[in-house]
Amino acid sequence: MRDGRILLCEFLRAPTQVATVTASSEALVATMLAPHVIGDGSVVVELGAGTGHVTDTLQRRLAGRGRHIAIEINPTLARRLAARHPAVTVVCADAAELPDVLRTHGVTKADSICSLLPWAAYASAPIPAISAAALAPTGTFTQVSLLVTHLLPPARRQERDLRAAFAELTVSPPVWRNLPPARVLAGRRPRT
């Protein structure tokens, strides 16, 4: 089954766990990963890895020179992702379990955290604070935010919480070549 069809089916089955009905475009993935410095020995974490469009690009950038942990709460998507990417440590878990996941896999701090989490994840756990605590001092956190909803109260809360967790937060210009259009919030200098 194709990624788009699986994503749509899983969204319809569990809309609070799956953020969107379409996979991220190449333009959005490029914008999301642009703030990250990924080099030899980097530890990269994905939150809400979904069908793996970000995973594909991260694997190319890492080229076997670092560690890649993908956390996906949806069992169907996690199994599919693990089968497609045997070099990635795919963990079927809630993003709130990030500290335990890292500890279990012998990681003290991540260098990069890329998030495609839906608002529901932010409503049930302090994802910005959890991510900031899991990042190295020079690490970067990115979160995709849909443009059509960025003024709604959950999106404004999300941005406010990110500003509280990171000393520096930048917002990308709109990525129009994505369905739906989106923007990327990038947090640096985690507050501890």
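Description of the structure in this document. (Residues numbered from 1 in each chain as written. Predicted model: local features only at pLDDT ≥ 70, side-chain atom pairs only at ≥ 80, totals over all residues. Heavy atoms only, no water.)

With respect to the side chain of Asn178
Along the chain, Asn178 turns up in the loop between β6 (166–171) and β7 (182–190). When its relative accessible area of 8% is taken as the criterion, Asn178 is described as buried. Here the side chain of Asn178 touches Ser25 through a polar contact of 2.8 Å, landing on its backbone nitrogen. Here Pro180 takes part through its backbone oxygen, which lies 2.7 Å from a polar atom of the side chain of Asn178. (Helix = DSSP H or I, 4+ residues; strand = E, 2+ residues; numbered from the N terminus. Buried < 20%, exposed > 50% of the residue type's maximum accessible area, 1.4 Å probe, protein only. Polar contact = N/O pair within 3.5 Å; in protein donor to acceptor, adjacent residues only side chain to side chain.)

Observations regarding the pairing of strand β4 (residues 110–115)
Here β4 lies mainly inside the structure; five of its six residues are buried. Sheet analysis places strand β1 (residues 43–47) next to β4, joined by four bridges and oriented parallel. Looking across to β4, one finds that Val44 is bridged to Ser112. Here five bridges tie β4 to strand β5 (residues 135–146), and the two strands are oriented parallel to one another. (Pairing = 2+ DSSP bridges.)

Examining the environment of Gly48
The topology assignment puts Gly48 in the loop between β1 and α3 (53–62). Overall, the relative accessible area of 17% leaves Gly48 in the buried class. The residues contacting Gly48, other than those within four sequence positions of it, are Ile71, Glu72, Leu116 and Leu117. (Contact = heavy atoms within 4.5 Å.)

Quick notes on the sheet that holds β6
Strand order in the open sheet made by the seven strands is β3-β2-β1-β4-β5-β7-β6, with mixed pairing throughout. Single-partner strands in this sheet number two, and they are β3 (89–91) and β6. The sheet shows a mean angle of 15 degrees between the axes of neighbouring strands, taken without regard to direction. Strand contacts of helix α2 (residues 26–33): β4, β5 and β7, with the helix running at about 15 degrees to β7, the strand carrying the most contacts. (Axes fitted to C-alpha atoms, helices over the stretch in contact; angles between N-to-C directions.)

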